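# Reading the structure
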Amino acid sequence: MALEHALLVALSEQPAAGLELSRRFSRSIGYFWGATHQQIYRVLGRMESDGWLRATTVEQAGRPAKKVYEVAAAGREVLAAWLGEPSATPPLRSDLAVKMRGASFGDRAAVLDVVRADLAEHRARLARYEQLMTRDYPDPTTLGGLELDQYLVLRGGVLAEQTSITWLTEYLEAHA
């Protein structure tokens, strides 16, 4: 997937200026597809030049004007085509898994510290995802369309974090 596709999804949900999009991105799609503020602005400019986005200049009191981007017809076509393409399942690439496997050849205590830190990060991410689920989707049985899709992606994040927590906890308990 390219950043362009993630931005097309985000802007299809709601048109936005670059800064607003960058903030929204970090609170949603950014959980599973990262991009810096600079990357987002650079790609937005290219997408506008390619005709995938339309930008409207909006004047602001006491601040410079901002460009609000929305998906153009060409961008909707590109997104629709990409959504229908098969996605390759990427191989698992995990520095942590390699460290865990190689712990017998180095400083196991240091590896266990790395595992503990990673476990803490997964627990924090799980807590954040669960907070979002409670706040945004208190009754998922009533959802449909876009909201259901958003909920199910968040649910996938919860399940992935739970799996990581179970795996890392098992590793730590085995070496206790």
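The protein chain is annotated in an unreviewed UniProt entry as DNA-binding PadR family transcriptional regulator of Nocardioides salarius.

### Looking at the pattern of salt bridges
According to the stated counting rule, one finds seven salt bridges in the structure shown. Salt-bridge contacts for E4 lead to R46; the nearest nitrogen and oxygen are separated by 2.7 Å. Here E4 is found in helix 1 (residues 3-13), whereas its partner R46 is found in helix 3 (residues 37-49), with 42 residues between them in sequence. On the accessibility criterion, E4 (14% relative accessible area) is buried. It is possible to trace a salt-bridge network through shared partners that takes in E121, R125 and E161.

### Details of the UniProt feature "domain: Transcription regulator PadR N-terminal" (unreviewed entry) in the protein chain
Here, the residues flagged by UniProt with the feature "domain: Transcription regulator PadR N-terminal" (unreviewed entry) are residues 7-80. Helix and strand shares over residues 7-80 are 50% and 26% respectively, and the end C-alpha atoms of the span are 13 Å apart.

### Here's the deal with the packing of aromatic side chains
A full pass over the atoms with the stated rule returns one aromatic pair. Judged by centre distance (5.6 Å) and plane angle (70 degrees), the rings of Y137 and Y151 are edge-to-face. With Y137 in the loop between helix 6 (108-136) and helix 7 (145-174) and Y151 in helix 7, this residue pair connects regions lying 14 residues apart in the sequence. On the accessibility criterion, Y137 (12% relative accessible area) is buried.

### Observations concerning the pairing of strand 2 (residues 53-60)
Two elements, strand 2 and strand 3 (residues 63-71), share seven bridges in a ladder whose sense is antiparallel. Bridged to V58 within strand 3 is K66. Taking the residues between adjacent antiparallel strands as the criterion, strand 2 and strand 3 are bridged by two residues, where G62 takes a positive phi near 75 degrees.

Rules of the game
- Residues numbered from 1 in each chain as written.
- Predicted model: local features only at pLDDT ≥ 70, side-chain atom pairs only at ≥ 80, totals over all residues.
- Heavy atoms only, no water.
- Salt bridge = Lys/Arg side-chain N within 4 Å of Asp/Glu carboxyl O.
- Helix = DSSP H or I, 4+ residues; strand = E, 2+ residues; numbered from the N terminus.
- Buried < 20%, exposed > 50% of the residue type's maximum accessible area, 1.4 Å probe, protein only.
- UniProt positions renumbered as here; feature names shortened; annotations may be inferred.
- Phe/Tyr/Trp six-rings, centres within 6.5 Å; stacked < 30°, edge-to-face > 60°.
- Pairing = 2+ DSSP bridges.

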